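Structural characterization, general
Residues per chain, in single letters:
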There are 2 protein chains.
Amino acid sequence: MTTTGPKLTAGPDEFALLDEIWRAVTPDAARRMLIAAVHAFAGKGYHATTTRDIASLAGMSPAAVYIHYRSKEELLFNISLVGHQTSLTLLSSIQGGDAVERLKNAVAAFAGWHAEYHTTARVVQYELGALSREHHAEVAELRRQIEQQMRAYISDGVAEGVFDVPDLKGATLAVLSLCIDVARWYQPSGKRTPDEIGALYADLVLRMVRPTS
Amino acid sequence: MTTTGPKLTAGPDEFALLDEIWRAVTPDAARRMLIAAVHAFAGKGYHATTTRDIASLAGMSPAAVYIHYRSKEELLFNISLVGHQTSLTLLSSIQGGDAVERLKNAVAAFAGWHAEYHTTARVVQYELGALSREHHAEVAELRRQIEQQMRAYISDGVAEGVFDVPDLKGATLAVLSLCIDVARWYQPSGKRTPDEIGALYADLVLRMVRPTS
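- Where an unreviewed UniProt entry is consulted, chain A appears under the name TetR/AcrR family transcriptional regulator, with the organism given as Lentzea indica.

**Some points on the UniProt feature "DNA-binding region" (unreviewed entry) in chain A**
- UniProt annotation of "DNA-binding region" (unreviewed entry) refers to residues 50-69 of chain A when read in the numbering used here.
- When the span residues 50-69 of chain A is considered, its composition is 75% helix and 0% strand, and the gap between its end C-alpha atoms is 13 Å.

**Considering a negative patch on the surface**
All names here are of chain A.
- There is a patch of like negative charges on the surface, built from Glu20, Glu116, Asp195 and Glu196.
- Considering the arrangement of structural elements, one finds glutamate 116 in helix α6 (residues 99-116).
- Look at glutamate 116 and you get partly exposed, because its relative accessible area is 31%.

**Examining the relation of the copies chain A and chain B**
- At an RMSD of 0.0 Å, chain A and chain B line up after a rotation of 180° and a shift of 0.0 Å along the axis. In the structure described here, the two chain copies are related by an operation that fits a two-fold rotation axis. Among all residues of chain A, the one whose C-alpha sits closest to the rotation axis is alanine 48 of chain A, at a distance of 2.1 Å.
- A shared binding surface is used by both copies, with 100% of the interface residues of chain A retained as interface residues in chain B.

**Side note on the nonpolar core**
- Ranked by size, the top nonpolar core spans 143 residues in total, and within it Leu103 and Tyr201 of chain A together with Leu103 and Tyr201 of chain B carry the most contacts.
- In terms of residues, this core owes the most to one element, helix α2 (residues 28-44) of chain B, which gives 10 residues.
- Setting aside residues up to four positions removed in sequence, leucine 103 of chain A forms contacts with Met150, Tyr153, Ile154, Phe163, Val205, Leu206 and Val209 of chain A.

**What about unusual backbone geometry?**
- A cis amide bond, omega -5°, links threonine 26 of chain A with the succeeding residue proline 27 of chain A.
- Turning to its location among the elements, proline 27 of chain A is positioned in the loop between α1 (12-21) and α2 (28-44).

**Topic: the interface of chain A and chain B**
- Between chain A and chain B, the contact holds 43 residues from the first and 44 residues from the second.
- In total, about 3900 Å² of surface goes out of reach between chain A and chain B, with carbon and sulfur atoms giving 57% of it.
- Counting across the chain A and chain B interface gives 4 salt bridges.
- Its salt-bridge partner being aspartate 167 of chain A, residue arginine 192 of chain B comes within 2.8 Å of it at the nearest N-O pair.
- Counting across the interface, chain A meets chain B through 14 residue pairs in polar contact (both at pLDDT 80 or more).
- For the side of chain A that touches chain B, the elements supplying multiple residues, two or more each, are α2, α7 (118-126), α8 (133-159), α9 (168-180), α10 (182-185) and α11 (194-209) of chain A.
- When residues in the side of chain A that touches chain B are grouped by element, the largest group, 8 residues, is from α9 of chain A.
- Grouping the amino acids of the side of chain A that touches chain B by side-chain chemistry returns 18 nonpolar, 12 polar and 13 charged.

**Considering the pattern of salt bridges**
- Within this structure, the stated rule accounts for 22 salt bridges over all chains.
- Where glutamate 74 of chain A meets arginine 70 of chain A, a salt bridge forms, and the shortest distance between an N and an O atom there is 3.1 Å.
- What makes arginine 70 of chain A exposed here is its relative accessible area of 64%.
- Of the charged contacts in the structure, one is a salt bridge between arginine 102 of chain B and glutamate 160 of chain B, with a shortest N-O distance of 3.7 Å. Of the two residues, arginine 102 of chain B is situated in helix α6 (residues 99-116) and glutamate 160 of chain B in the loop between α8 (133-159) and α9 (168-180); the sequence distance between them amounts to 58 residues.

**Some thoughts on the environment of proline 194 of chain B**
Residue and element names in this part refer to chain B.
- Here proline 194 lies in helix α11 (residues 194-209).
- Overall, the relative accessible area of 13% leaves proline 194 in the buried class.
- Taking the C-alpha atoms as reference points, proline 194 and proline 27, separated by 167 residues in sequence, lie 30 Å from one another.
- Not counting residues up to four positions away in its chain, the partners in contact with proline 194 are Gly112, Ala115, Glu116 and Tyr186.

**What to know about the packing of aromatic side chains**
- Evaluation of the coordinates by the stated rule reveals 5 aromatic pairs over all chains.
- Their ring planes at 15° and their centres at 3.7 Å tell us that tyrosine 126 of chain A and tyrosine 126 of chain B sit as a pair that is stacked. Of this pair, tyrosine 126 of chain A sits in helix α7 while tyrosine 126 of chain B sits in helix α7 (residues 118-126), placing the two residues on different chains.
- Owing to a relative accessible area of 25%, tyrosine 126 of chain A belongs among the partly exposed residues under this scheme.
- The ring centre of tyrosine 46 of chain B lies 4.3 Å from the NZ or CZ of lysine 72 of chain B, which sits over that ring.

**Thoughts on α11 of chain B**
- In a regular helix each residue adds 1.5 Å, so 16 residues correspond to 22 Å; α11 of chain B covers 23 Å between its end C-alpha atoms and thus fits that length.
- Counting buried positions along α11 of chain B gives 12 out of 16 residues, so the element sits mostly inside the fold.
- Regarding α11 of chain B, the residues found buried are Pro194, Ile197, Gly198, Leu200, Tyr201, Ala202, Leu204, Val205, Leu206, Arg207, Met208 and Val209 of chain B.
- Where α11 of chain B is buried, its residues meet α9 and α11 of chain A together with α6, α8, α9 and α10 (182-185) of chain B.

Conventions used here
Residues numbered from 1 in each chain as written. Chains lettered and ligands numbered in written order. Predicted model: local features only at pLDDT ≥ 70, side-chain atom pairs only at ≥ 80, totals over all residues. Heavy atoms only, no water. UniProt positions renumbered as here; feature names shortened; annotations may be inferred. Helix = DSSP H or I, 4+ residues; strand = E, 2+ residues; numbered from the N terminus. Patch = residues over 30% accessible without salt bridge, like charges linked within 9 Å, V, L, I, M, F, W, Y side chains within 5 Å. Areas by Shrake-Rupley, 256 points an atom, 1.4 Å probe, with all protein chains shown as cover. Salt bridge = Lys/Arg side-chain N within 4 Å of Asp/Glu carboxyl O. Lys, Arg positive; Asp, Glu negative; His and termini not counted. Charge placed at Lys NZ, Arg CZ, Asp CG, Glu CD. Buried < 20%, exposed > 50% of the residue type's maximum accessible area, 1.4 Å probe, protein only. Least-squares fit on C-alpha atoms with pLDDT ≥ 70 in both. Contact = heavy atoms within 4.5 Å. Core = buried A, V, L, I, M, F, W, Y, C linked by side-chain atoms within 4.5 Å. Buried area = accessible area lost by both parts, 1.4 Å probe. Polar contact = N/O pair within 3.5 Å; in protein donor to acceptor, adjacent residues only side chain to side chain. Nonpolar A, V, L, I, M, F, W, Y, C, P; charged D, E, K, R; others polar. Phe/Tyr/Trp six-rings, centres within 6.5 Å; stacked < 30°, edge-to-face > 60°. Lys NZ or Arg CZ within 6 Å of the ring centre and 35° of its normal. Expected span 1.5 Å × (residues − 1).

Structure follows, in structure tokens:
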């Protein structure tokens, strides 16, 4: 019986992209280990991955991991932190004339991010339960900020009278969920680019919040 | 350092619900093993779960597993098959007067299913890569049928002139993705019931496909 997993789920292109997210992580060895951990966790899950697997993917000795990270959980926490921080920074950076333009750009950026960084996003989203209680609380605070930011883009349009949203909390949840799930189904070999997915989703979300006649 | 995982992710209520999905699986021992496997895979991932873990959760000897299933992968395949078949059957069963009513009921049912059976749905969606090539192909065929069914509900409304959908394939993908991702964030202790989530999502999806003025 042949099996398609476990395996590394990203090609060299995403390796380069990942590098971009982690540019701020120093020294080089710590960055290399985080990137290796993302791929190991994505390939066979957090619980089945050993620090030895990660060290081997990073081309280092198992002992070298512990110079930079106290544990496997510490690696996951750092991945989760950087993943949430970069997507929150992107989401918060949207400027624009009116509420329609801002929500459109916010959804396009957030959905596109989850396509481009789908490997990281999968690890971040599906392994939340493996974080320690303290680390989970830190990440939950970032998730609240992401939720607040998206909700603000929607409620701005309600205040301006250009959106009609009977259930603001529910709509915000649905919009975030729609964008995040791109990470599950996106394949670099698929027909749509991250930008095309972003444009499609921006259109669909604007339809969701537009006043009904 | 305390950690919140691995653990069983469902309470007794979902155990009863799971039983309902698997009513057709006989004998009892085979059904008990499938349910135990769902919880083990959901708790720490497919690759970190051993057949011994599954047997122990089911209250049976490790050797007993092999009477009913050739391998751990065979258990995952059966879970995936039943999960896809029951959601496809539900989706295909929608009857109704007009296209608006049918899409509304289809989305409510499909989103609600992913809330009720979130533990099973997570295993089914996140562990696809662990299926053998042959099993993956069988499951992919069911996924195509689910996609075709949802697309038919949308295109019916386009044909009747009540929906306006510039990108039918893209909208279908987004609607399915929105419903499936309910399994990721749904918590039985949360504020919305599966039925309420279904109703919210039905409304949001109808807004997505409604003609724009």
